[in-house]
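# Observations on the model geometry
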Amino acid sequence: MDRGRATGVVCEVKDAPGAAPMAAAPAARRFVVYARRGVVLAGGAINTPALLQRSKIGSRSVVGRRTFLHPTVPLLALYDEPIEGFYGAPQSVACHHFADRGDRVGYFLETAPLHPMLSAVAFPGFGEGHQRMMARLAHAQATIALLIDGHHDDEGGRVTADIDGRIRLAYPLAPPLREPAADAIQNMARLPLAAGAAHVMPPPADAVARRAQRYLAHRPGVGCAPHPHGRLCAHHF
């Protein structure tokens, strides 16, 4: 740094060229790259503030704060007829009808791709149960709801870098975010049921598949608890 302006980057090369993945790591080699005009820091919403903190640039009370993730809740539907969601252009259908909900956090819906590898990671269950789900991949359809965080005076999350350089992300799922998650699951379930789905499977991961719309009226809070199931992160910014 020179009078508040970045003039170079200190780098550490830890992997020897051509070294086997499991080979013993050699001692890191450090060198400095000096910039003639400036340094562009483009590490994304997670690594950029962490690098600034490790470099002791900026105030820790500001750098890393107001991190937003577009928290995402999924819903899986199973049809009697093949859907084959692994063909064609992915995420080619979206709905912004619920984006503006006034004082409440909005969300928009997307049809998620169901490529085999992605589905194997995202489908619920383990062992034989998971195998049975994957066997029905051609009959599955997935919808995701992306919560539009960052527009209702919420503080978002925080990125910090430990003294050893490890990155930590804290992102509290407060009630203002749990409410739209529950509302989104209700509306996502109505769509495939109206389209003739045999079952819908809302989170948590061990939820029993549901057949009828009347189920939704008795479970207004499904999917909104903070820990019973995993949520996804669509984008970090």
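Now for a quick tour of the structure. (Residues numbered from 1 in each chain as written. Predicted model: local features only at pLDDT ≥ 70, side-chain atom pairs only at ≥ 80, totals over all residues. Heavy atoms only, no water.)

## Thoughts on the sheet that holds strand 3 (residues 65-67)
We apply this condition: What makes two strands pair is DSSP finding at least two bridges between them. In this text, helices come from DSSP runs of H or I with a minimum length of four residues, and strands from runs of E with a minimum of two, each type numbered from the N-terminal end. Helix axes are fitted to C-alpha atoms over the stretch in contact, other axes to C-alpha atoms as well, and angles between N-to-C directions run from 0 to 180 degrees. Here a residue-residue contact requires only that any non-hydrogen atoms of the pair lie within 4.5 Å.
Here three strands make up an open sheet; going across it, the order is 3-8-9 and the pairing antiparallel. Because the sheet does not close on itself, it has two edges, and the strands there are strand 3 and strand 9 (167-170). The mean inter-strand angle of the sheet, taken between neighbouring strand axes irrespective of direction, is 40°. Bridge count for strand 8 (residues 157-161) against strand 9 is four bridges, and the pairing is antiparallel. For arginine 158, the partnering residue across the bridge sits in strand 9 and is alanine 170. Where helix 1 (residues 44-54) meets the sheet, it contacts strand 3, strand 8 and strand 9, and its direction lies at approximately 45° from that of strand 8.

## Some remarks on the layout of surface pockets
Test applied: Using a grid of 1 Å spacing that covers the protein atoms alone, one calls a set of points a cavity when a 1.4 Å probe fits there but cannot get out, and a pocket when the set is open and has protein on both sides within 12 Å along at least five of seven lines; lining residues are those with an atom within 4 Å of a point. Grid points are joined across faces, edges and corners, and a volume is the space filled by probe spheres set on the points. Each residue receives one of three labels: charged for Asp, Glu, Lys and Arg, nonpolar for Ala, Val, Leu, Ile, Met, Phe, Trp, Tyr, Cys and Pro, and polar for the others, Gly being one of them.
Within this model, the largest pocket holds a volume of roughly 750 Å³. Looking at the largest pocket, it is lined by 20 residues, and the ones nearest its centre are Val9, Val10, Leu51, Arg54 and Ser55. Counting residues per element, the ones that place at least two in the lining of the largest pocket are strand 1 (8-13), strand 2 (29-34) and helix 1. Looking at which element gives the most residues to the lining of the largest pocket, the answer is strand 1, with five residues. Residues that form the lining of the largest pocket fall into these classes: eleven nonpolar, four polar and five charged.

## Considerations on the pattern of salt bridges
This is how it is decided: Salt bridges are defined by distance alone: a side-chain nitrogen of Lys or Arg within 4 Å of a carboxyl oxygen of Asp or Glu. Burial classes: relative accessible area under 20% of the type maximum marks a residue as buried, over 50% as exposed, and values in between as partly exposed (1.4 Å probe, protein chains only).
Applying the stated criterion to the full structure yields four salt bridges. In this structure, the salt-bridge partner of arginine 101 is glutamate 179, at a minimum N-O distance of 2.9 Å. You can see arginine 101 sitting in the loop between strand 5 (94-95) and strand 6 (107-112) and its partner glutamate 179 sitting in helix 4 (residues 175-194), a full 78 residues away along the chain. Residue arginine 101 is classed as buried on the basis of its relative accessible area of 12%. Looking at glutamate 179, the relative accessible area reads 29%, which means it is partly exposed.

## Looking at the nonpolar core
Condition: Working definition of a nonpolar core: buried Ala, Val, Leu, Ile, Met, Phe, Trp, Tyr and Cys residues. They are joined through side-chain atoms within 4.5 Å.
Counting 21 residues, the largest nonpolar core has Val73, Leu75, Tyr107, Leu109, Ala145, Met188 and Val200 as the members making the most contacts within it. Of all the secondary-structure elements, those providing two or more residues to this core are strand 4 (71-78), strand 6, strand 7 (140-147) and helix 4. Element by element, the count of residues in this core is highest for helix 4, at seven residues. With residues near it in sequence (within four places) discarded, methionine 188 still touches Val73, Pro74, Leu75, Leu109, Thr143, Ile144 and Ala145.

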